[in-house]
Amino acid sequence: MPPIVELNHATITLGHRAVLRDISFSIEAGDFVGVLGPNGAGKTTLMRSILGLLPPTAGAVRVFGEAPKFGASTIGYLPQLRTVLPDLRVRGLDYIASSLHGERWGLPSLAAADRHSIEETLHAVGASDLARRSLSDMSGGERQRLLLAQALIGNPKLLLLDEPLISLDARHQEVVIDVVRRIARERGITVLFSAHELNQLLGAIDKVLYLGNGHAALGTVDEVVTAPVLSQLYGTEIEVLRAGGHIFVMSRGRDVEREAHQHDHDHGHSHGDHGHAH
């Protein structure tokens with residue numbers, strides 16, 4: 001069986017900047033991969049390439065053994081929340097239904113099988129009660145669960161989640177991670193889950209994919225989250241400290257992941273990588 005996602009000496013360019021340069025790695029079926037790296041490292045860019053929105057300028061990107069085709073039902077995608085805010089008056093059910101066949105908001109009628117698929121998916125993410133409510137009446141955590149349900153419609157085999165934890169409190173972050181992990185295992189879904197901080201995902205992920213300076217490193221946490229590997233990716237001397245079940249990625253005594261996270265919150269969640277990508 002071919003890898004679910006395979007990059008072979010791929011270079012992916014935005015404008016005139018090669019965001020990812022000559023990178024090669026492969027993700028196997030059923031892997032739950034945390035995607036990490038400094039702002040602007042290419043997390044969103046990578047997902048857009050896997051979706052078929054950004055073909056490589058050199059090398060190859062293959063998904064399920066083929067060049068990616070945009071709109072493939074085998075891939076579920078949850079973009080960064082603030083880039084996809086729909087009309088907030090729409091009911092949860094109508095929002096989900098509209099994505100089922102790529103039609104406009106508020107479908108006139110749903111076939112029984114479609115309705116069953118939607119209800120089953122909403123139930124799986126713990127969002128059954130959201131179907132009748134409008135998006136404007138939901139908290140960030142509830143809206144994120146609804147968007148996750150939308151990404152899972154049609155039983156995709158690959159799930160791309162682009163920073164789904166941003167702007168959620170710690171409790172809601174745990175809920176989202178637990179739901180994704182459970183559904184992925186039950187349905188045999190391969191997951192790429194990008195995040196700001198590794199610690200949020202420890203215990204859930206099988207592998208970590210760190211991006212930085214155009215390069216990529218994929219492996220287990222113990223293989224990748226080391227001073228030599230991350231120093232090369234960040235382009236500065238990195239120290240990795242482990243304490244109390246947490247891992248701290250430090251540069252000159254400062255926690256680089258936490259600082260990036262705080263910085264984003266202070267500046268309305270602006271992202272280096274994301275500004276060019278959309």
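A brief look at the structure comes next. Computed from a predicted structure; not experimentally measured.

### Points about the overall build of the protein chain
The helix and strand inventory of the protein chain stands at 9 helices and 12 strands. Surface exposure of the protein chain reaches about 12500 Å², of which carbon and sulfur atoms provide 51%.

### Some points on unusual backbone geometry
The phi dihedral of Asp22 falls on the positive side, at around 55 degrees, and the residue is not glycine. Its location among the elements puts Asp22 in strand β2 (residues 17–27). Accessibility expressed as a relative area gives 47% for Asp22, which makes it partly exposed. In this structure, Asn213 takes a positive phi of about 55 degrees despite not being glycine. One can find Asn213 in the loop between β8 (207–212) and β9 (215–219).

### Side note on the nonpolar core
Ranked by size, the top nonpolar core spans 50 residues in total, and within it Phe193 and Tyr210 carry the most contacts. Membership of the second largest hydrophobic core comes to 27 residues, among which are Ile4, Ile12, Leu51 and Val61.

### Digging into the sheet that holds β2
Within a beta sheet, neighbouring strands are joined by backbone hydrogen bonds and run either parallel or antiparallel to one another. If you walk across this open sheet you meet the 3 strands as β2-β1-β4, and the pairing is antiparallel. Each having just a single partner strand, β2 and β4 (58–63) make up the two edges of the open sheet. Ignoring which end each strand starts from, the neighbouring axes of this sheet average 30 degrees apart. Sheet topology note: the strand β1 (residues 5–14)/β4 ladder contains 5 bridges and is antiparallel. Along β4, the bridge assignment pairs Asn8 with Ala60. Against the sheet, helix α1 (residues 43–50) engages β1, β2 and β4, with an angle of about 115 degrees to β1.

Cut-offs applied
- Residues numbered from 1 in each chain as written.
- Predicted model: local features only at pLDDT ≥ 70, side-chain atom pairs only at ≥ 80, totals over all residues.
- Heavy atoms only, no water.
- Helix = DSSP H or I, 4+ residues; strand = E, 2+ residues; numbered from the N terminus.
- Areas by Shrake-Rupley, 256 points an atom, 1.4 Å probe, with all protein chains shown as cover.
- Buried < 20%, exposed > 50% of the residue type's maximum accessible area, 1.4 Å probe, protein only.
- Core = buried A, V, L, I, M, F, W, Y, C linked by side-chain atoms within 4.5 Å.
- Pairing = 2+ DSSP bridges.
- Axes fitted to C-alpha atoms, helices over the stretch in contact; angles between N-to-C directions.
- Contact = heavy atoms within 4.5 Å.

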